[in-house]
Amino acid sequence: MTKQKQIDIFEQKAVIGPLAWQITHLDEDDMPTHYGQCYAPLTAKIKLNPENTGMRALDTLLHEVVHAMDMMALTKLKEDQVERLGYMLAMFFRDNEWIHDYAKQQIKEEYIRKK
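Bear in mind the structure is a predicted one, so any value in this text is a computation, not a measurement.

Visitor: What is the right way to look at the sheet that holds strand E3 (residues 36-39) in this model?
Guide: Backbone-to-backbone hydrogen bonds pair the strands of a sheet. The strands run either parallel or antiparallel. If you walk across this open sheet you meet the four strands as E1-E2-E4-E3, and the pairing is mixed. Whereas interior strands pair on both sides, the edge strands pair on one side only; in this sheet they are strand E1 (13-16) and E3. Averaged over neighbouring strand pairs, the angle between their axes works out to 20° when direction is ignored. Bridge count for E3 against strand E4 (residues 45-48) is four bridges, and the pairing is antiparallel. Residue pairing in the sheet places Gln37 in a bridge with Lys47 of E4. Its contacts with the sheet place helix H1 (residues 54-73) against E1, strand E2 (19-25), E3 and E4, and it is angled at close to 20° to E3.

Here it is as structure tokens:
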């Protein structure tokens, strides 16, 4: 069995619309009360609690990504809508492992077509 490469989320940027959102650690003062925070497009930052692991980490990341998408698309989602969408996306990725390879395949095909 091949060991999967560990990805340090805090070294990544999430491209959402025209912006590359920096993913950083949540401020220590906010850690006891927050899993993550998303900052307006002017700063384009997603801050995550580094103590999040497993599905909590994925759910929180996707929750904050939905907030960022909402800001970029001006859809004005309510917090409970963002919460449900982030959670459902996390469950979708968890329950449908095939989607990872399928997404890579489709992106690669699109890239090849445009060359």
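Continuing now.
Visitor: Please clarify how the environment of Lys78 should be interpreted in this entry.
Guide: With respect to the secondary-structure elements, Lys78 resides in the loop between H1 and helix H2 (79-95). Looking at Lys78, the relative accessible area reads 58%, which means it is exposed.

Visitor: I would appreciate a short explanation of H2 in the present structure.
Guide: Two residues of an α-helix separated by three or four positions point the same way, owing to the 3.6 residues in each turn. When the terminal C-alpha atoms of H2 are compared, their 24 Å separation across 17 residues agrees well with the 24 Å that a helix rising 1.5 Å per residue should span. Within the sequence span of H2, burial applies to Val82, Gly86, Ala90 and Met91. Looking straight down H2, one finds that the buried residues subtend no more than 165° of arc, so they occupy a single side. The exposed residues of H2 that point more than 90 degrees off its buried face are Arg84 and Met88. On the buried face of H2, the contacting elements are H1.

Visitor: Looking at this model, I keep getting lost on the packing of aromatic side chains. Mind explaining?
Guide: Aromatic ring pairs are described here by two measures, namely the spacing of the ring centres and the angle between the planes. One pass over the full model with this rule turns up two aromatic pairs. Between the aromatic rings of Phe92 and Phe93, the centroid separation amounts to 5.7 Å while the plane-to-plane angle is 70°, which identifies the pairing as edge-to-face. A centroid spacing of 6.0 Å and a plane angle of 70° characterise the contact between Trp98 and Tyr102, whose relative ring orientation is edge-to-face. Remark: Tyr102 and Trp98 occur in helix H3 (residues 98-114); sequence separation between them is four residues, near one turn of the helix. The class of Tyr102 is partly exposed, set by a relative accessible area of 41%. Positioned above the aromatic ring of Tyr35, the side-chain terminus of Arg56 is 3.9 Å from the ring centre.

Visitor: Would you explain the pattern of salt bridges in this entry?
Guide: Side-chain pairs of opposite charge can arise where the charged atoms are in close proximity. With the rule as written, the count across this model stands at three salt bridges. For Asp80, the salt bridge goes to Arg84, with nearest N and O atoms at 3.2 Å. One end of the pair, Asp80, and the other, Arg84, are both in helix H2, four residues apart, so they sit about a helical turn from each other. Given the relative accessible area of 39%, Asp80 is considered partly exposed. Taking the shortest distance from any N to any O, the salt bridge between Arg94 and Asp95 comes out at 2.6 Å. You can call Asp95 partly exposed: its relative accessible area is 48%.

What counts and what doesn't
Residues numbered from 1 in each chain as written. Predicted model: local features only at pLDDT ≥ 70, side-chain atom pairs only at ≥ 80, totals over all residues. Heavy atoms only, no water. Pairing = 2+ DSSP bridges. Helix = DSSP H or I, 4+ residues; strand = E, 2+ residues; numbered from the N terminus. Axes fitted to C-alpha atoms, helices over the stretch in contact; angles between N-to-C directions. Contact = heavy atoms within 4.5 Å. Buried < 20%, exposed > 50% of the residue type's maximum accessible area, 1.4 Å probe, protein only. Expected span 1.5 Å × (residues − 1). Arc of directions from axis to C-beta. Phe/Tyr/Trp six-rings, centres within 6.5 Å; stacked < 30°, edge-to-face > 60°. Lys NZ or Arg CZ within 6 Å of the ring centre and 35° of its normal. Salt bridge = Lys/Arg side-chain N within 4 Å of Asp/Glu carboxyl O.

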